[in-house]
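The lines below spell out each chain.
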Amino acid sequence: MIEKKYRTALNDLIIYLKKSRFLNDSKVESAFQNIPRHEFVVPSELDRAYYNEPLSIMNNQTISQPGVVSRMTEWLDIKDGQKILEIGTGSGWQTAILSYLVRNGTVHSVERHPELAKFARKNLEKLGIDNTHVILGDGSLGYPEESPYDRIIITAACTKIPQPLLEQLGENGLIIAPVGDSSQSLILLKKTSGKIVEIKNESNYVFVPLLGKFGKK
Ligand code: SAM
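Residues numbered from 1 in each chain as written. Predicted model: local features only at pLDDT ≥ 70, side-chain atom pairs only at ≥ 80, totals over all residues. Heavy atoms only, no water.

**Student:** What should I look at first to understand unusual backbone geometry in this one?
**Tutor:** With an omega dihedral of 5 degrees, the bond running from Ser147 to Pro148 counts as a cis peptide bond. Note on placement: Pro148 falls in the loop between β5 (132-136) and β6 (149-154). One non-glycine residue, Ser193, adopts positive backbone phi at about 50 degrees. Mapped onto the fold, Ser193 is located in the loop between β8 (184-192) and β9 (195-205). Here the phi dihedral of Asn204 falls at roughly 75 degrees; this positive angle occurs in a residue that is not glycine. Tracing the chain through its elements places Asn204 in strand β9. Using a relative accessible area of 67% as the deciding quantity, one classes Asn204 as exposed. (Helix = DSSP H or I, 4+ residues; strand = E, 2+ residues; numbered from the N terminus. Buried < 20%, exposed > 50% of the residue type's maximum accessible area, 1.4 Å probe, protein only.)

In structure tokens, the structure reads:
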């Protein structure tokens, strides 16, 4: 449970996200209630932890905006016991939200910055979260060691979804990613009978770029 000091700010954020239709699912709301965002921000941003804004963390990266995290998480329709791959761990907050929803399942999350991988591991550990695995590496290659995945989430902008990630998605699996150049569309794809089918598409998002072999050079 979130300590009293932050509770009003969190409740106000949840009311705003529900009104603006970025938060509709009671399970995702419960994840927001139980995974304190202020445990994933740097000390200078603590007062803004429950603003609906991305906040600077380190290495010129950001903890994602709450409305974007709720939208992506809801579209992923996570079920107990699934295996999830996340590309771009950042602070680990989205990782923790996924871990809450997947319960007996596992979240593998790949981050390219050593300082961020360390920051995220520390944040997850202090909350006693033990069904996540943060990997230091180039997430544009995915993490073939644990594939296939039921769900894949890319939290950085790609011009094209990296082919290795499509290959590592299991049958009937869902993958979500922001795709585009200066502005991106959030795209949800499903693998059915080996084919990739678009399920949802919503424009006007802005993410930091996905770098790496199959990302921006
Ligand atoms: N969802 C995270 C959170 O709530 O803290 C924030 C993710 S941040 C918007 C995007 C992250 O993707 C950054 O931490 C960045 O370093 C990472 N990233 C970019 N390209 C990557 C790559 N090729 N492999 C792994 N991580 C990458």
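**Student:** Explain the pattern of salt bridges here, please?
**Tutor:** A side chain of one charge can pair with a side chain of the opposite charge when the charged atoms of the two come close. Throughout the structure, instances matching the rule amount to 8 salt bridges. Between Glu29 and Lys18 there is a salt bridge, and its shortest N-O distance comes to 3.0 Å. Residue Glu29 is located in helix α2 (residues 26-34), and its partner Lys18 is located in helix α1 (residues 4-19); the two are separated by 11 residues in the primary sequence. Asp77 is the salt-bridge partner of Lys79, the closest N and O atoms lying 2.9 Å from each other. Its relative accessible area of 41% is what places Lys79 among the partly exposed residues. For Asp77, a relative accessible area of 38% translates into the label partly exposed. (Salt bridge = Lys/Arg side-chain N within 4 Å of Asp/Glu carboxyl O.)

**Student:** In this structure, what is going on with the sheet that holds β9? I would like to understand it.
**Tutor:** Consider a sheet: its strands pair through backbone hydrogen bonds, and that pairing is either parallel or antiparallel. Overall, mixed pairing links the 7 strands, which are arranged β5-β4-β3-β6-β7-β8-β9 in an open sheet. Each edge of the open sheet is held by one strand with a lone partner, namely β5 and β9. Taking the axes of each pair of neighbouring strands and ignoring which way they run, one obtains an average angle of 15 degrees across the sheet. Inspection of the sheet shows strand β7 (residues 169-180) paired to β8 by 7 bridges, in the antiparallel sense. Among the inter-strand pairings, Ile176 is bridged to a residue of β8, identified as Leu188. Of the strands in this sheet, β4 (106-111) and β5 touch helix α5 (residues 114-126), which is tilted by about 165 degrees from β5. (Pairing = 2+ DSSP bridges. Axes fitted to C-alpha atoms, helices over the stretch in contact; angles between N-to-C directions. Contact = heavy atoms within 4.5 Å.)

Any link to function would need more than the numbers given here.
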